[in-house]
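Here is what each chain is made of, one letter per residue.
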Amino acid sequence: MKRKYLKSLIVIVVIIIGGLFIYQNINKENKPLPEVKLKEIVNKNKSFAIMIQENSETDKYQEYDSNTWPGVNYKFKEAKCIDNNGDEVKEAVTYENDKITLTTNKTVYCTVYFDKSIIGKLRETDTQKYLSTDKQGGMYRYQAAFPDSDSSEMTNWICFGTTDNCGTNDDNIDKYMYRIIGITPEGQLYLIKETFLKEENTNSFAWNDKDQVLGEGAFICDDRVCPEWGQNTLFKRINGTSNGENPGTGSCRPTCDGVNTDIFVDSKEYDYLKSGDSINGTKDDKGSEWYQLISEHNWMHGVIGPGNDTTLNTYKGQSVYAIETGQADAKYYVGSDERVIEETYRWNQKVSAKISLMYIHDYYYGYYDGVDDSTRGNPGSITNVKNSWIFFQKDGYNSSPSYEWLSTLRNLNPPNDYLITAYDIPFSGDLWRGGLSSGTGVRPVFYLNSNAKIVNGDGTKANPYIINAEEI
């Protein structure tokens, strides 16, 4: 190592982006690369090694020999580097935004370690391939149909609010059992409650306290017409922001001394979800550890009118996903009783909150016949969509009420129907529209933070996944 250029300070910066390695000392002809151990004499031509965790339950690693970056099944753990003398070079590696940067004034030999990600953990137990290998509607989704049975063996059952197995009895299932709809590429689990919310003896709630009919500016949702998702009663009640709000002349389901009560966050029934306000009355407290585990999310919302019925009734998840994410036009009616016209627009409104309800596309995307990949997210008929695992009565629960609310509003249908409604799912499995003050079942959905850890379980109903909230 007597070459003149080594006498000056050398700063080597290695940036690994999008699965490509840029590093001048890597010899791609030399394989396999060794795992670097401190004080170990290594072949100096082999200067970089990547090791991936064999199994999420062990601390054993194996060499990763691809020339692309490890995919979503893995996450960066650490990098260890040594110099020519076998001494550890500390703090040489930084990791941020999926980039590894190595900065040093020495010749070094490094091993980069990757652990199984939460997606990788899910795939280990997913022997029947319920979790899609490609993105379906922006995430990897659990997709399956069960024409003649329940979905108890499906591997997307998860306990939330307890670290015990919540599949042991109906009371625990009712309070703590959830299902994984899917997982984002960033590792955020998207959950839905298995059973309807309840408050004492009631499990039927209004989308909004007031029904609304056509008026001037029918699409503009204000006090004269319809509330948007985020302004309506149900949104507030599931997010813990309605306590003490007077419902006015509309219905309170249940009637609670003239005020609406919170029915999920900050409720009596689901005491594991306490916001900071409910704990000590200040904005400084972050809330219970389970509440903190839920990510704040920007929920898109809007209206779909009867002009989109053809699209909805083809039962194709991608078509509805495009509308509900602002990528395709939604049709709606606007005007007054004297003159109503159909117009188009694209969803562009968002509300930031932890809790919401399913979209129409979430419902469709749950389907897959297990044979033909073209059926992923495309049930094609009422019968098929009702066989999907995500149908609210699929596992024998939620027999009453026999409808489930969704978050999407339905615009009116003049000249015969001037009532603004919201979409729901009836016992038939089809889409329907309910009057806003009608009492209907509610199953909240939410995203977990990407650092959530599954510590036990195989995802079946008998052995659901367990999350340790204290480790977050």
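Relevant structure appears above.
All of these numbers come straight from a predicted model, not from anything done at the bench. (Residues numbered from 1 in each chain as written. Predicted model: local features only at pLDDT ≥ 70, side-chain atom pairs only at ≥ 80, totals over all residues. Heavy atoms only, no water.)

S.K.: Please clarify how unusual backbone geometry should be interpreted in this entry.
M.R.: Peptide bonds are, in most cases, trans, and in most cases residues other than glycine have a negative phi. Omega for the bond connecting S400 with P401 falls within 30 degrees of zero, at 0°, which places this linkage in the cis form. By the element assignment, P401 lies in the loop between helix 9 (382-387) and strand 18 (403-410). In this structure, E200 is a non-glycine residue whose phi angle is positive, near 55°. Within the fold, E200 resides in the loop between strand 11 (189-193) and strand 12 (212-213). Positioned with a positive phi, N398 is a non-glycine residue whose angle comes to about 60°. Its location among the elements puts N398 in the loop between helix 9 and strand 18. (Helix = DSSP H or I, 4+ residues; strand = E, 2+ residues; numbered from the N terminus.)

S.K.: So what exactly am I meant to see when it comes to the nonpolar core here?
M.R.: Most often, soluble globular proteins keep nonpolar side chains buried together rather than apart. Counting residues in hydrophobic clusters, the biggest one holds 95 residues, and the most contacted among them are F160, L189, I238, F264 and L448. The contacts of F160, once residues within four sequence positions are left out, are Y176, Y178, L191, Y272, L273, W290, L293, I294, F446 and L448. The next biggest cluster of nonpolar side chains, apart from the first, holds 15 residues, and it includes F48, V89, V108 and C110. (Core = buried A, V, L, I, M, F, W, Y, C linked by side-chain atoms within 4.5 Å. Buried < 20%, exposed > 50% of the residue type's maximum accessible area, 1.4 Å probe, protein only. Contact = heavy atoms within 4.5 Å.)

S.K.: How should the side chain of S407 be read in this particular structure?
M.R.: The topology assignment puts S407 in strand 18. Here S407 falls in the buried class, since its relative accessible area comes to 5%. Those residues in contact with S407 that sit more than four places away from it in its chain are W207, W229, S356, L357, M358 and Y359.

S.K.: I'm lost on the pairing of strand 10 (residues 177-183) in this one. Help?
M.R.: Walk down a regular strand and you will see the side chains alternate between the two sheet faces. In terms of burial, strand 10 is a largely internal element, seven of the seven residues being buried. Sheet analysis places strand 9 (residues 157-159) next to strand 10, joined by three bridges and oriented antiparallel. Note on strand 10: the bridge partner recorded for I158 is Y178. Where strand 10 and strand 11 come together, five bridges link them in antiparallel fashion. Pairing of G182 across the sheet is with Y190, part of strand 11. The antiparallel hairpin formed by strand 10 and strand 11 contains five residues in its connecting segment, where G187 sits at a positive phi of about 95°. (Pairing = 2+ DSSP bridges.)

S.K.: Can you walk me through the environment of L436 in this structure?
M.R.: Locating L436 in the fold gives a position in the loop between strand 20 (432-435) and strand 21 (445-447). With a relative accessible area of 0%, L436 lands in the buried category. A C-alpha to C-alpha distance of 9.3 Å links L436 and L409, two positions 27 residues apart in sequence.

S.K.: Sorry, what's going on with the packing of aromatic side chains here?
M.R.: To describe a pair of aromatic rings, one takes the distance between the centres and the angle between the planes. The tally for this structure, following the rule as stated, stands at 24 aromatic pairs. Ring centres of Y61 and Y113 lie 5.3 Å apart, and the angle between their planes is 75°; this geometry places the pair in the edge-to-face category. Taken as a pair, Y61 in strand 3 (residues 61-63) and Y113 in strand 7 (residues 109-116) lie far apart in primary sequence, 52 residues in all. No difference in accessibility class separates Y61 from Y113, as the two residues are buried. Residue placement shows R179 over the ring face of W157; its charged tip is 3.8 Å from the ring centre. Lying over the aromatic face of Y291, K354 brings its terminal NZ or CZ to 4.6 Å of the ring centre. (Phe/Tyr/Trp six-rings, centres within 6.5 Å; stacked < 30°, edge-to-face > 60°. Lys NZ or Arg CZ within 6 Å of the ring centre and 35° of its normal.)

These values are about where atoms sit, not about what they do.
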